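In case you want the letters, here they are:
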Amino acid sequence: MIRQPELTTLCYIEKDGKYLMLHRVKKEQDINKDKYIGVGGHFEYGESPDECLMREVKEETGLTLLSYKSRGIVTFIYGDAAKPEERIVEYMHLYTADEYEGELIDCDEGELIWIDKSLVYNLPIWEGDKIFFRLLEEREDYFSLKLVYSQTDELIDVEIK
């Protein structure tokens, strides 16, 4: 039986030339363990991408977004290519935000840290994240990015539209 795709959101909140990053250090069973990512998560049943974004940002940061923009869709495929029915497919709606209200809270998934945009590429992040960071910097239009990873987490294929 083929697995159903996962639906997620991810947001990079911007302030003073920095992104709010989540250093995923608090959960042992975490595909993003020890990596830096944005904030977001899985859709709840019946949620739109925007509703998921707002809920996840509030849950993980305590912040309420006042201004955000949908920047693209990122399709992740990972797992054993020899067993396609077991591979994980994830459709991630990627956002940036530049206006919010509230105060940061402690996140149970990791540490929230403001990181200078110029330093992001030096952090432990996924290889594919470097591609969408470049797209966020260079493009204003909505983009579609497909990232295929091997079962050993090596980026093996990239498609950009």
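Residues numbered from 1 in each chain as written. Predicted model: local features only at pLDDT ≥ 70, side-chain atom pairs only at ≥ 80, totals over all residues. Heavy atoms only, no water.

**Q** Would you take a moment to explain the nonpolar core for this structure?
**A** Looking at soluble globular proteins, one finds that nonpolar side chains tend to be buried together. By size, the foremost hydrophobic cluster in this structure holds 39 residues, and its most contacted members are C11, Y12, I13, M21, L94 and F132. Beyond its immediate sequence surroundings of up to four residues, C11 is in contact with G38, V39, L53, V57, L65, Y95, T96 and A97. (Core = buried A, V, L, I, M, F, W, Y, C linked by side-chain atoms within 4.5 Å. Buried < 20%, exposed > 50% of the residue type's maximum accessible area, 1.4 Å probe, protein only. Contact = heavy atoms within 4.5 Å.)

**Q** What is the right way to read the pairing of strand β8 (residues 143–149) from this model?
**A** Consecutive side chains along a regular strand alternate between the two faces of the sheet. Where burial is concerned, most of β8 is hidden: 5 out of the 7 residues are buried. One ladder, built from 7 bridges, connects strand β5 (residues 64–78) with β8; its direction is parallel. Pairing of I73 across the sheet is with S144, part of β8. Relative to strand β9 (residues 155–160), β8 runs antiparallel, the two being bridged by 5 bridges. Of the residues in β9, the one forming a bridge with L145 is I160. Where β8 folds back on β9, the antiparallel hairpin that results is connected by 5 residues, among which D153 adopts a positive phi of roughly 70 degrees. (Helix = DSSP H or I, 4+ residues; strand = E, 2+ residues; numbered from the N terminus. Pairing = 2+ DSSP bridges.)

Interpretation in functional terms is not warranted from these geometric data alone.
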